[in-house]
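Residue strings, one per chain:
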Amino acid sequence: MERRKPLKLRNSLLELCIVVGVDEDTGLEPSRASIKQTSSLTEGNYNPFTIGAVWGEGASFPYAETSIPIDGYSAYDEGSVIIASPIKGSSAPKNVLTKRRRSSLLQGGVSAAKSPNLPISAEEINGLPPFCLPDLCNVFEKRPLPHCHSFVMTDLLGIHKFAICLTYYRKFFALSNGEVGHFMLFSESVPHSKECYVPNCICYISNFPYFTLLKECLSYLSIASLLPDTSSQLRDLLLKTIPKLAFIPVPLPGTIPIAFSFYGQKHVVYPSLLNRPFCDVDLHHPFVLFSIDDILTIVTCILTEQRLVFMASDYALLTPIMECFFTYIQPFVWRPTYVPVLSSIMIDLLSAPGTFAMGCHSKFSDNVSEESEGLVVVNLDLGSVSVCPSLKVPEIPRFAAKIFKARFENIPKPFDLQYSRPTLSPNDERTARREHRDKLNSHIRAAFVELLAVLFQRVNEFCSFGRSPHFRKAAFLQSWKKHRPFYSMVCSSDMFGVFCQNRLRRKLDFFNEELEKLSKSSKSYDTTDSGPASLSSPLASLGSKKRASKKISGDFEVFATTEEILQTKDLCLESERHVSDEQILEADVDLTDGTQSYDEWFEKASSILDASLSMKTKAGCRYVKAIIFLARGEREKALEQFQAIAKECSPVYPEKLAQQIQGKEEGERPHIVSENIPRRDMSEYEFGRYAKAMNIVTDNEAVSRLWNCLTTQPNLTSQTLKTFVEIWKEITNLGCSIELPASLELDNVNEEVLLVSPLVRDSYGQGRLVLSQRRLLVLHGSVYSQISFLNEIAAMENITSPFLFSLGQEGLKVSFKDSSKAPYVVCLKESTNTWKEYITEMEAALSYADEHRDPSVVGSAGNNIIAAHALLQCQQDPNFLATLGLISPIESNLQPPSSLLIYQFKKSQLPDTTSSALDRRLYPAGEAERETIECLLYTKPKNEGESGKLWCGMGSSGALFVCDVDAWTFDFPINVAKNRIYFLEEYEGEIWVGSVDGNVYVLDSNSGRPLSTLPNHDESAISGITLATLNDQVTIWTSSFDGKLICWNPKTRDVLREIQIPKSRKVRSLISTGEWLWTSDKKKMLAIDVSDPKKHEIRNFAIDFPPEAPLTIDCLAKAPNEQIWCSWSGSDVCKLSLWCSKTQTCILVRNFKEFRGLTCMTICNKELWIGGREGQLLVIDWETTADKRILQEAHPAGVRSLCTMQGGLVASGSTSSDGYIAIWKKATQ
């Protein structure tokens, strides 16, 4: 029987399981942290080892000496379980040190084997033992009881992984191997051995904070006496259970729970609430340990980003308590260093600089005292908070503290203090405890949301939205004169900056909704510190009144969120009626039965989906089916499930995941291509894709020049590219690390630092020259000073000044257009000419960008300068020259780095008429990846404060890019069609999309989510979409190249009528004039009478052109006076005809010899805009038919699409050689 390939499930409950400790294969090795080596077995500390790692698709046991047959483990295939091979010719127990060097996860284990990829890196796994066993390995004469603790891992991107550990003790017999402090371990007694107990830690690692659930699963191994005593039993347990836990999906937020059985014990994975992070800790525990005043002090220290140390005599307390405090401050997110458990060998990290939150054992209190300067020490044993006096942490404003304290006057008692409660069965006890915990958590979270809302509800008042969103910090602080110390310190924190960015981006989360509700509430908070007026909050009775809840299943309640409390009781009851007892997804499979479980999950989800009437239930089941499809590699089917979720229950639609899948379905976008250097040599085409993906250079000309700077051969070697990229990254990272002070920030402009010089001498002393995209600055010590804006520089010249520089050294003198400003002189030595070229290039790029209204030029020039500087450093690197077989760059035929500086040599000028009309240029797909703009559609804002949207249908990708016309920024592309998008039309909040793939797609105009796919055109390319109004009934007509016309009911999307044009030849364009539809059939115009729903009439209209100059129809446009404009193109001439739709006669024909073709048309006020095949734009008065202006060189290549926007603006889209949209202003009167 063919073995099934292991599957990787997205969003699985368990990511990885590792086993840390010692066994007979590792022996006991004394740790370096031991004070002294001793021959006593139980007095020393020993190094823990990662003796096993098991995940859904593979496993590794690097110290095991016996092979494991995989026939008994159905989850794995050949090669996915890696066992270390024994040392040949050795039968006696191995020397521990020799074995450790030979076999580890890093050297001889997973990373060196051809096995499925680990969920986390091998380096991270080898760093886990100190966290799993914080006190290292201690040996005991009697078996201690098992115990649990948890910790949190954070990667370089700030992404958390959550770990739950169960430590138990195995019986071994220890025998010294001859070295002091080293012992071998045996599972059975041998002569002169001593019985002992050593720790083994089983650690579950998850991407989701299901602390309680995973702890229950681990703890049941101890309760049921399933903890193995031998290594083979341990491996057998892990290989059977971990693949099944790794294939339990985490439910979609806001939908239904998922249940599973683990050794007969039922467990439920509950979903998080919508727009709210998941919480699986007891939020009331800090209130047991600390007073409310101390809790507010700790929260203040977190909000102001102090250096915090939590201490406890039990490691198990640290992570849950710290997680509670970070839950309290949501939506603020702690981004500095976070290490909730410091082991004994990591305690020196307390002296690390910077902001952090760390946890350690109370026995290290002396170490903490030594480093107490600048620390906030939170002692969980004593329930105390010690703030270093030098920190001067302000108090939280009293008005907010009063409100917060009032919420806890009637807080429910902890579950264990309710002695009047009768004793229940174990399962009922678990359910009652969980319900009570959720009740307490809801109460506490609501109180903290209100606290933060009261503190920061005025933030939105000082957020300036629009084209250049920003937060007016100075005005905000000025409004809080009495509480300025608190707000000033909070506003300086990183988390407040992120919080403001989310507000400016109008991120819709639970907190933003709460702020909106508070702003609309007629009740206000008293922000003075006198009187209890603050108790007028809508949440004042939260603690005393019974909360409404939503039944999800027979043994669980999800309590209403803060937002729902503010709503009416009837609305809450209405929501409750939409949830039925069926809303729990439970496959009838025990994870210990040795069978694959995903089939059962799939079947159960399908059966519930067929029987359920609840939209949330259907969405939850479709999500499970979708991620199983993804695990099987069936992305099309997964996308169908996601689209069904969007149509049936859009609030729970997993938009981010669906967008990721859609992007991969249509091909990875360049900016998310792997940054890994290819191991093989690259062609110029492959190098171009890599360089654009890494954002080294962005346009084709720069790619070609960079290639010529790196090689003269047909292929570029991997080593050459690696050396260049490493140097390029160093330069880029240095620039990114520079943060200009607020006093130097530019309003309404995004500015990046490009280059930073070594230490140089200038007129004011020693410092570093800094070149940004718009300015030249100097850094003296830690103080930045602006030298000048680049466009204010008048001249630069090389000088040698004996008064400033050493003899023979060269410097740069910068003169300014403002003659009253003294020149700036700096000694750059041999880098003088180089920096002069860089400044000249950036100045030229700014001028070019301003003239062409193309801000992308600034970024492109900056990239070219960084690449040129990296090339210059490469030529001074012997390793780089060695990859080219050179000793000196003079020997090579490579182009010089200065060849990348191209804008200072670009002299092209736009015609005055074009330059004055051009407002800006936009690149929907990015400058690096240019696509044809096939069609454009502008949708007006529906409510005050909203922005209009410009919808861009792309050529090759079939994607829609949506531009916010206030900020002129594009959202994530919406992958709609399988091929080019030809037409767009709007109707009552919906966007109708016509594609070459023959489908009509209907999208929601607010979210861009797909609503329907209409395949009725039988895969013939859609050639037109138009709105038609007849007898006060609005319909939508679509046409395809094969001559098929379909009339749709836009509300129900039902087909009302179909018309087939006989003998049609590529029907294109579609216009409605009431009773008539106008279209074209290559060489003639067609008018179709649709006034009678049962029959139709087709009339043909043509113009007699000379047979030696045949013309074909390109496009149609309708003027407000119901006249039809039609463009005709030939080999060397084009014509424009005007038709009266009422008389159906041609009233005008105009010749355009200067145009080779007219490709598209649109009406803007009284102007008819016409796009030319060679990039021109013709503007005529549609009433008088007189020419108004011709915009030459509007696009370097052809104009492909046009649309009219609000305010008299016109947008034009070009072909893929340009790939940009030009926004044009109306002519000045």
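Everything in this summary refers to the structure shown in the same document. Everything numeric here is computed off the predicted structure, so don't read it as measured data. Starting from 1, residues in each chain are numbered consecutively following that chain's sequence as written. Confidence filtering applies because this is a predicted model: local features only for residues at pLDDT of at least 70, side-chain atom pairs given and counted only at 80 or more, and all residues used for totals across whole chains, interfaces and linings. Note that the side-chain values use all heavy atoms of the structure and ignore hydrogens as well as water.

**Some remarks on the sheet that holds strand S48 (residues 1112–1118)**
Strand pairing in a sheet relies on backbone hydrogen bonds. The paired strands run either parallel or antiparallel.
1) Next: The antiparallel open sheet is built from 4 strands, whose spatial order is S48-S49-S50-S51. Of all the strands in the sheet, just S48 and strand S51 (1145–1152) have a single pairing partner and so form its edges. Neighbour-to-neighbour, the strand axes of the sheet open up by a mean angle of 20°, direction not taken into account.
2) Next: Where S48 and strand S49 (residues 1123–1129) come together, 6 bridges link them in antiparallel fashion. Residue pairing across strands places Lys1118 opposite Ile1124, the latter belonging to S49. We call two strands paired when DSSP finds no fewer than two bridges between them. Numbering of helices and strands runs from the N terminus; a helix is a DSSP stretch of H or I covering at least four residues, while a strand is a stretch of E covering at least two. A fitted line through C-alpha atoms represents every axis, and for helices the fit uses only the stretch in contact; the resulting angles, taken between N-to-C directions, go from 0 to 180 degrees.

**Things to note about the nonpolar core**
1) Next: To form a nonpolar core, buried Ala, Val, Leu, Ile, Met, Phe, Trp, Tyr and Cys residues must be joined to one another through side-chain atoms within 4.5 Å. A simple rule labels every residue: compare its accessible area, found with a 1.4 Å probe on the protein chains alone, to the largest value its type can have, and call it buried under 20%, exposed over 50%, or partly exposed in between. Counting residues in each nonpolar core, the largest one holds 182 residues, and the members touching the most others are Phe151, Tyr204, Phe260, Tyr328, Phe456, Phe496 and Phe642.
2) Next: Here, residues are in contact when the closest pair of their heavy atoms is within 4.5 Å. Beyond its immediate chain neighbours, meaning those up to four positions away, Tyr328 contacts Leu283, Pro286, Phe287, Ile295, Val299, Ile444, Phe448 and Leu452.
3) Next: The next biggest cluster of nonpolar side chains, apart from the first, holds 61 residues, and it includes Tyr690, Leu721, Leu871 and Leu881.

**Considerations on the packing of helix H7 (residues 292–303) against helix H8 (residues 315–328)**
1) Next: At their nearest, the axes of H7 and H8 sit 10 Å apart, and the two run at 70° to each other. Classified by the angle between their axes, H7 and H8 sit roughly perpendicular to one another. Contacts between H7 and H8 involve Ile295, Ile298, Val299 and Ile302 from the former and Phe325, Phe326 and Tyr328 from the latter.
2) Next: Note that Gly is not counted as nonpolar here; it falls among the polar residues with everything else outside the nonpolar set of Ala, Val, Leu, Ile, Met, Phe, Trp, Tyr, Cys and Pro and the charged set of Asp, Glu, Lys and Arg. Per-class residue counts for the contact of H7 with H8 are 7 nonpolar, no polar and no charged. Relative orientations are named as follows: roughly parallel for angles under 35 degrees, roughly antiparallel for angles over 145 degrees, roughly perpendicular for angles from 65 to 115 degrees, and oblique for any other angle.

**Observations concerning the packing of aromatic side chains**
Any two aromatic rings considered together are summarised by their centre-to-centre distance and by the angle between their planes.
1) Next: Aromatic pairing here means that ring centres of Phe, Tyr or Trp (its six-membered ring) are within 6.5 Å. Orientation follows from the plane angle: under 30 degrees is stacked, over 60 is edge-to-face, and everything else is tilted. Per the stated rule, a full pass over the model turns up 35 aromatic pairs.
2) Next: Ring geometry for Tyr210 against Phe278: centres 4.3 Å apart, planes inclined by 35°, an arrangement best described as tilted. Here the residue Tyr210 occupies a position in the loop between strand S10 (194–206) and helix H4 (211–223), and Phe278 occupies one in the loop between strand S12 (265–269) and helix H6 (285–289), the gap between them amounting to 68 residues.
3) Next: According to the relative accessible area criterion, Tyr210 is buried, its value standing at 4%.
4) Next: Of the residues examined, Phe278 reaches a relative accessible area of 21% and is grouped as partly exposed.
5) Next: Three or more aromatic residues joined by ring pairs form one cluster here, namely Phe332, Phe399, Phe456, Phe476, Trp480, Phe486, Tyr487, Phe496 and Phe499.
6) Next: Positioned above the aromatic ring of Phe61, the side-chain terminus of Arg235 is 5.8 Å from the ring centre.
7) Next: Stacked on the ring of Phe816, the Lys or Arg Lys821 has its end atom at 4.4 Å from the ring centre. When the NZ atom of lysine or the CZ atom of arginine is within 6 Å of a ring's centre and also within 35 degrees of its normal, the charge is said to sit over that ring.

**Description of the pattern of salt bridges**
1) Next: Here, a salt bridge means any side-chain nitrogen of Lys or Arg that lies within 4 Å of a carboxyl oxygen of Asp or Glu. Applying the stated criterion across every chain, the model contains 24 salt bridges.
2) Next: For Asp293, the salt bridge identified is with Lys405, shortest N-O distance 2.7 Å. Taken together, the positions of Asp293 in helix H7 and Lys405 in helix H10 (residues 398–406) put the pair 112 residues apart, joining distant regions of the chain.
3) Next: What makes Lys405 partly exposed here is its relative accessible area of 35%.
4) Next: The closest approach of N and O atoms between Arg1150 and Asp1187, which form a salt bridge, is 2.8 Å. In this pair, Arg1150 sits in strand S51 while Asp1187 sits in strand S55 (residues 1187–1191), placing the two residues 37 residues apart along the sequence.
5) Next: Take Arg1150: its relative accessible area is 18%, and that puts it in the buried class.
6) Next: Given the relative accessible area of 43%, Asp1187 is considered partly exposed.
7) Next: Residues joined in a network through salt bridges with shared partners are Asp280, Arg437 and Asp438.

**Some details on the pairing of S55**
1) Next: Relative to S55, strand S54 (residues 1177–1181) is paired through 4 bridges, and the arrangement is antiparallel. Bridged to Leu1177 within S55 is Leu1191.
2) Next: Counted along the chain from S54 to the antiparallel partner S55, the turn is 5 residues long, and its residue Thr1185 has a positive phi close to 65°.

**Notes on the sheet that holds strand S15 (residues 356–361)**
1) Next: Within the open sheet, the 5 strands sit side by side as S14-S15-S13-S16-S17. Their pairing is mixed. Because the sheet does not close on itself, it has two edges, and the strands there are strand S14 (337–339) and strand S17 (384–387). Neighbour to neighbour, the strand axes of the sheet diverge by 20° on average, direction disregarded.
2) Next: When strand S13 (residues 307–312) meets strand S16 (residues 375–379), the two strands line up parallel, connected through 5 bridges. When the bridges of S16 are listed, Val309 appears paired with Val377.

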